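Structural description and commentary
Each chain, written out:
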Amino acid sequence: MEDEGGDYYKGKHYMNSKERYPPAVGKVVAIYDYTDEEGKVLFQVLRYNPKAFRNRRQDGHGGWIWNLDGVRPVVYRLRDVIKANTVLILEGEKDVETTYRLGLPDGWAATCNPFGAAQWHSEYSEVLRGKRVVICPDTDVAGQLHLKQVVRNLVGKVSEIWMVILPGSVKDLTEWAEAGGTPEQFAALLQGAKRFNY
């Protein structure tokens, strides 16, 4: 995943915008559903090309409202997270989807918080309580700061914290996969995770 943090903040005012229709920001290349425990869509994050992000919620009449006023924030793929014993945390939705394409071990799920780096909140940690957590941070400065924020929020809530270390030549897991990373190599990355000392 590219630099999620900067672009999320560039369009952050749309989180609370009263506009009913989105600005023209390019072609939609991905739509990420954020659901509750039963699978009901709470809100969506849309990814555009050129790179930008917008958020929307249903208006109850078949349309969309382009803000998240009053919406409960949740982690991505919440239902998978609830069922998992081990949860892999990444920085954005694109990386999460990359893990599912590469293949996760049985009993694992992958997730991220909405709105990019440095946006992990304590309520996200509650759904992970008692679970084993593996974090795969971006290798840039924002990614390392995000790693520290997530760890601070997880200490005392989860059973273990591990970290996947990506090669320094790539920024994130998706870039690693696009450079030729295979499912077998991904499995080896997970197996080589280091226990996080805190």
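Residues numbered from 1 in each chain as written. Predicted model: local features only at pLDDT ≥ 70, side-chain atom pairs only at ≥ 80, totals over all residues. Heavy atoms only, no water.

1. Quick look at the environment of Val133
This is how the line gets drawn: Going along the chain from the N terminus, every DSSP run of H or I of four or more residues is numbered as a helix, and every run of E of two or more is numbered as a strand. Relative accessibility thresholds used throughout: buried, under 20% of the residue-type maximum; exposed, over 50%; partly exposed, between the two (1.4 Å probe, protein chains only). Residue contacts are defined here by distance: any two heavy atoms, one from each residue, within 4.5 Å place the two residues in contact.
Counting through the fold element by element, Val133 comes out in strand β7 (residues 132–135). Residue classification places Val133 among the buried residues on the basis of a relative accessible area of 0%. On a C-alpha basis, the gap between Val133 and Asn85 in space is 8.6 Å, while along the polypeptide they are 48 residues apart. When near neighbours in sequence (up to four residues on either side) are disregarded, Val133 contacts Val87, Ile89, Leu128, Leu154, Val158, Glu160, Ile161 and Trp162.

2. Focus on helix α5 (residues 141–154)
Operational definition: Residue count minus one, scaled by 1.5 Å, sets the expected span of a helix.
With 14 residues, α5 extends 20 Å from end C-alpha to end C-alpha; this agrees with the ideal 20 Å at 1.5 Å per step. Every buried residue of α5 is listed here: Gly143, His146, Leu147, Gln149, Val150, Val151, Asn153 and Leu154. Backbone geometry just downstream of α5 places Gly156 in the positive-phi region, at approximately 85°.

3. Some thoughts on the side chain of Gln149
Mapped onto the secondary structure, Gln149 falls in helix α5. The contacts of Gln149, once residues within four sequence positions are left out, are Ala118, Gln119 and Trp120.

4. Some remarks on the pairing of strand β6 (residues 108–111)
Cut-off, in case you're wondering: Paired strands, in this sense, are two strands between which DSSP finds at least two bridges. The handedness rule is simple: strands pointing away from the viewer, and a clockwise path from the first strand over the helix to the second, make the crossover right-handed.
Here β6 shows no split at all, with Trp108 and Ala110 on one side and Ala109 and Thr111 on the other all buried. In this structure, strand β5 (residues 86–89) lies alongside β6, joined through four bridges in parallel fashion. Considered in β6, the bridge of Ile89 is made with Thr111. As a crossover connection, the stretch from β5 through helix α3 (residues 93–102) into β6 is right-handed.

5. A short note on the packing of aromatic side chains
Short version of the rule: Think of it this way: a Phe, Tyr or Trp ring, Trp meaning its six-membered ring, pairs with another when their centres are within 6.5 Å, and the plane angle makes it stacked under 30 degrees, edge-to-face over 60, tilted otherwise.
In total, this model carries five aromatic pairs according to the counting rule given. Here the aromatic rings of Tyr32 and Tyr76 are separated by 5.8 Å at their centres, their planes lie at 85°, and the arrangement is edge-to-face. Here the residue Tyr32 occupies a position in strand β1 (residues 27–35), and Tyr76 occupies one in the loop between β4 (64–65) and α2 (78–83), the gap between them amounting to 44 residues. Residue class for Tyr32 comes out buried when judged on its relative accessible area of 6%. Taking the centre distance of 6.3 Å and the plane angle of 20° together, the rings of Phe43 and Phe115 count as stacked. Highlighted residues: Phe43 in strand β2 (residues 41–49) and Phe115 in the loop between β6 and α4 (122–126), separated in sequence by 72 residues. Judged by relative accessible area, Phe115 falls into the buried class, the value being 11%.

6. Here's the deal with the confidence of the model for the chain
Heads up, the rule is: What pLDDT reports is the predictor's confidence in each residue, on a scale of 0 through 100.
Here the chain averages 89 in pLDDT, while 87% of its residues score no lower than 70. Across residues 1–16, where pLDDT falls below 50, the model places 53 contacts with residues more than four positions away in sequence or in other chains.

7. Considerations on the sheet that holds β5
We count it as follows: Throughout, an axis means a line fitted to C-alpha atoms (over the contacting stretch in the case of helices), and angles, computed between N-to-C directions, take values from 0 to 180 degrees.
Strand order in the open sheet made by the five strands is β6-β5-β7-β8-β9, with mixed pairing throughout. Each having just a single partner strand, β6 and β9 (194–195) make up the two edges of the open sheet. Against the sheet, α5 makes contact with β5, β7 and β8 (160–163), and its axis sits at roughly 170° relative to β7, the strand it touches most.

8. Considerations on the environment of Arg132
Structurally, the position occupied by Arg132 is in strand β7. Between the alpha carbons of Arg132 and Thr86 there is a distance of 4.7 Å; along the sequence they are 46 residues apart. Beyond its immediate chain neighbours, meaning those up to four positions away, Arg132 contacts Asn85, Thr86, Val87, Trp108, Ser159, Glu160 and Trp162.

9. Observations regarding α3
Because an α-helix packs 3.6 residues into every turn, residues spaced three or four apart end up facing the same way. The buried fraction of α3 amounts to seven of the 10 residues, a majority that puts the element mostly inside the structure. Those residues of α3 not exposed but buried are Glu93, Asp95, Val96, Glu97, Thr98, Thr99 and Leu102.

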